[in-house]
Each structure stands twice: as C-alpha cells, then as structure tokens.
Amino acid sequence: MRGERWLLRMGEFLVGRAARHLPAAARVERYQEWAAELPVILGDPEIKPAAARAARMLWFAADTLRGAALGPGPARRGGAHRGSAGVGKDARWLGAGAALLTGLAVLLAILAFIVYYDIFICSASLAGYVSSLLSYSLASLVGCLLWRRPGGAGRYWFGAGVLAAVAGGGAAHLAGHLGWGHPLLFTLISDCGYAVCAACISMAVVIVNRSARRDRRAGMQERSDREQLRGPARARRLP
Amino acid sequence: MTAPLQRVLRAFLEDPAAPRYGYDLMKAAGLPSGTLYPMLARLEDQKLVTSAWETPQAGGERPRRYYQLTGEGIRVARLELAQVRVGQLRAPVRLGRAAPGSL
C-alpha cells in the first residue's frame, strides 16, 4: 500500500502520545503492544479498500489515545503521568478533530471520485473533456488566488460554491449513468447544486469586492495620515 | 456488569483456550481500542486474564501480546454472564408486575 510507512508513523506517534499517559513501568510495554497492532490493522484482509484499512488504523491509534487520556483503569493509577489539567479537554478536542478529519477525508474522496468520473468517463467527446478540464482548472486557479488573500471569507464561499456545483452535477451524471431514480429528480438536484454554486460565488465576489474596497480605503487613509505627519515636519524644516 | 465487559467476556468464552490479541478482541467484541485496553488491564489486575508476548509465525512481524482467561476468569465470566442472563429473563416479569397499592 502506498504511503504505508507514513501512515504507520502517524499511528505510532499517536500511540506514543497515548503511552505517555501511562505509568512509567507500563509505558514501553503498552507502546510495543499497540504499535504491533498497527501493521496488522493495515494488512487486515477483512477490510477491503485500502483507505478503509488506513482509516481504521488511525482510528485505532486515536481511540487508544482517548482511552489512555480519559479512561479510568489501572493504567492511570499508581503514579500515572496525568499531564496538565487540560489533558481530558485536549483529548476531547483531539477526538473531535480526528472525527472531523475523517469526515473531510471521506468527503474529499467522494468529490475526487466525482471529478474523476466527470472528466474521464462522462466526457466522452473531446469538447466535453476539454471543457470539464478547463472548468476544474479555472475553479482551482480562482480557489488558489482567493486562498492567498489574507483573512478573506470569500474563499470559503467560493469553495462551498464549487463543492455544490461538483456534487450537484456529479450526482446527476452518476444517476444518469447508473439509471437511478427519476431523471427529473436528479435534474432538479443538479440545478439546485448550480443555483447554490451561483449564490455562493456571488457571495464570494461581494465579500472580495468589499474587502478590496476596505483595503483601498485603509491604504488611502494611511497615505493621508503619512502626508499629514510629513506636512508639519516639512514646515519645520523650511525656515 | 457493563455491556462492554459482557461483550469482552463473551468473546473470550467463544473459545476460552485460545489466546486472543487486542485487535482480534476488538473485532469480536465490537469495541474501540480506547475502551478495550483499559478493560483488559483491569481484568489482568484482577487476575482474571493473563497475557503473554508471542512472535507470529510470519517473519518480519513484531511480537504481539496475547490475552487469555485464567481458570478463575473462566469461572467468574461464566457465572457473571449467567447472572446477567437470569436478570434479563426476570426483567420483563418485574416490569409487568403491578405496583403496590395500585389496581
């Protein structure tokens, strides 16, 4: 599996953090026990897609950390290193973060599949292929440009718009290809996706425009302030 | 006895003589690692479970820790699970019984 070494390292890092919550006497042994399970989970033939195995392995490591940080048990008695008072809170945040990351990874995987499907399978003609590729490239370019703008909320709106368009269009493509449901339903879904996309992108444009105007105004203000400061100094220097 | 503990004991009692490793128990009991390992440590403290390190047959794999119920553990687990079963059988009867003073 590609990237297995990195995944194992991530898992080992998490179980290493978990072992730090245990008493010194049990720490090394527990770490070895948990670290030995990681490659087994990654190679589990019962879990079919490799991505699911990777997610399962990371989930194992993250939940071990949660259990070591929060869970009662002998591991935490007899001089266990409890860390700071915020350990439980940290572990809760870590759990929430891991859940969010997993959700995001699943969402990205689905979107990547839809984009792949849209470009390489649905666009049978050259024109369709080129237009799909161009639209995705343009969306990526605008996304990158917006991302570089400091503190702009427009990028989130733009991202949401692209997601809505890809999800709506992709769902209709997939449904059409696989023959799911009534075509009208999926046409409506894709139209809704495009409408949401248009609304989000309009919002992004408004936000970017407003922020640019604010920046321009702040720049002008700064320039006038500087000139006002320079004025008396020049006046003092003149005589 | 908590439901996760019941599940772990049932998983062990499927084949009490077979040593089980953590991930195997996780799958059998359907529990996350953060719940299972503290429980195994507690059972080991109470001498109901023993553990031993074993190197797998396939080369290159790391040694793993295998858990097994002790004789006392098997007896206690069977007894506790039987009590739980009896309690579950009695529960609907208790629920159906009229409260004192009521019609």
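It should be emphasised that the depicted structure is a prediction, and the values quoted were computed from it without experimental measurement. (Residues numbered from 1 in each chain as written. Chains lettered and ligands numbered in written order. Predicted model: local features only at pLDDT ≥ 70, side-chain atom pairs only at ≥ 80, totals over all residues. Heavy atoms only, no water.)

Asker: Summarise the overall build of chain A; cite the residues concerned and give the values.
Answerer: Counting secondary structure elements, chain A contains 7 helices and 0 strands. Put simply, chain A runs from its N terminus to its C terminus through helices and strands in the order α-α-α-α-α-α-α. For chain A, the residues scored as buried account for 31% of the 239 residues in total. Taking as baseline every contact in chain A between residues at least 6 positions apart, the subset at least 24 positions apart corresponds to 56%. Looking at chain A as shown, the accessible area adds up to about 15,400 Å², and 66% of this sits on carbon and sulfur atoms. (Helix = DSSP H or I, 4+ residues; strand = E, 2+ residues; numbered from the N terminus. Buried < 20%, exposed > 50% of the residue type's maximum accessible area, 1.4 Å probe, protein only. Contact = heavy atoms within 4.5 Å. Areas by Shrake-Rupley, 256 points an atom, 1.4 Å probe, with all protein chains shown as cover.)

Asker: Summarise the pairing of strand β3 (residues 64–69) of chain B; cite the residues concerned and give the values.
Answerer: Residues and elements named next belong to chain B. Across the 6 residues that make up β3, a large majority, 5, are buried. Note: strand β1 (residues 20–21) against β3, 2 bridges, orientation antiparallel. Pairing of Tyr21 across the sheet is with Tyr66, part of β3. As judged from the 6 bridges shared by strand β2 (residues 49–54) and β3, these two strands associate in the antiparallel manner. From the neighbouring strand, Ala52 faces β3, where its bridge partner is Tyr66. (Pairing = 2+ DSSP bridges.)

Asker: I'd like a rundown of the interface of chain B and chain A, residues and numbers included.
Answerer: Accessible area lost when the parts come together is the quantity often used to give the size of an interface. With 21 residues of chain B at the contact, the number on the chain A side is 23 residues. Taking both sides of the interface into account, the surface hidden between chain B and chain A amounts to around 2,000 Å²; carbon and sulfur atoms contribute 50%. Summed over the three residues of chain B that lose the most area to chain A, namely Tyr23(B), Tyr37(B) and Arg62(B), the buried surface amounts to 32% of that side. Put simply, chain B and chain A have 6 salt bridges between them. Between Arg62(B) and Glu12(A) there is a salt bridge, with the nearest N and O atoms lying 2.6 Å from each other. Between chain B and chain A we count 17 residue pairs in polar contact (both at pLDDT 80 or more) in total. Elements with a contribution of two residues or more to the side of chain B that touches chain A: α2 (22–29), α3 (33–45) and β3 of chain B. The dominant element in the side of chain B that touches chain A, judged by the number of residues it contributes, is α3(B), at 9 residues. (Buried area = accessible area lost by both parts, 1.4 Å probe. Salt bridge = Lys/Arg side-chain N within 4 Å of Asp/Glu carboxyl O. Polar contact = N/O pair within 3.5 Å; in protein donor to acceptor, adjacent residues only side chain to side chain.)

Asker: Break down the packing of helix α2 (residues 24–42) of chain A against α3(B) for me, citing the residues and quoting the values.
Answerer: Look at α2(A) against α3(B): their axes get within 13 Å of each other, and the N-to-C directions meet at 135°. Put simply, α2(A) runs oblique to α3(B). Once α2(A) is placed against α3(B), the crossing between them reads as right-handed. On α3(B), the residues that touch Arg30(A), Glu33(A), Trp34(A) and Glu37(A) of α2(A) are Tyr37(B), Ala41(B) and Glu44(B). Residues of the contact of α2(A) with α3(B), tallied by class, amount to 3 nonpolar, no polar and 4 charged. (Axes fitted to C-alpha atoms, helices over the stretch in contact; angles between N-to-C directions. Parallel < 35°, antiparallel > 145°, perpendicular 65-115°, else oblique. Left-handed = near helix turned anticlockwise from the far one by under 90°. Nonpolar A, V, L, I, M, F, W, Y, C, P; charged D, E, K, R; others polar.)

Asker: Would you mind going over the packing of aromatic side chains in detail, with residue names and values included?
Answerer: Counted by the stated rule, this structure contains 3 aromatic pairs over all chains. Measuring from centroid to centroid gives 6.0 Å for Phe60(A) and Tyr37(B), while their planes differ by 85°, and the two rings are edge-to-face. Remark: Tyr37(B) occurs in helix α3 and Phe60(A) occurs in helix α3 (residues 50–70); the pair is interchain, linking two chains. Here Phe60(A) matches Tyr37(B) in class, with each residue buried. With a centroid separation of 5.6 Å and 80° between ring planes, the pair formed by Tyr21(B) and Tyr66(B) is classed as edge-to-face. Here the residue Tyr21(B) occupies a position in strand β1, and Tyr66(B) occupies one in strand β3, the gap between them amounting to 45 residues. For the pair Tyr21(B) and Tyr66(B), one class covers both residues: buried. Linked through ring pairs, Trp34(A), Phe60(A) and Tyr37(B) together constitute an aromatic cluster. For Arg9(A), the ring lying beneath its charged end belongs to Trp6(A), and the centroid distance is 5.0 Å. (Phe/Tyr/Trp six-rings, centres within 6.5 Å; stacked < 30°, edge-to-face > 60°. Lys NZ or Arg CZ within 6 Å of the ring centre and 35° of its normal.)

Asker: If you had to explain unusual backbone geometry to someone new, which residues and values would you point to?
Answerer: Of note in this structure, Lys47(B) is not a glycine but carries a positive phi near 60°. Inspection of the secondary structure assignment puts Lys47(B) in the loop between α3 and β2.

Asker: Break down the sheet that holds β3(B) for me, with residues and values.
Answerer: Residue and element names in this part refer to chain B. The antiparallel open sheet is built from 3 strands, whose spatial order is β1-β3-β2. At either margin of the open sheet sits one strand with a lone partner, and together these are β1 and β2. Seen against the sheet, helix α1 (residues 3–14) touches β1, β2 and β3 and runs at an angle of roughly 90° to β3.

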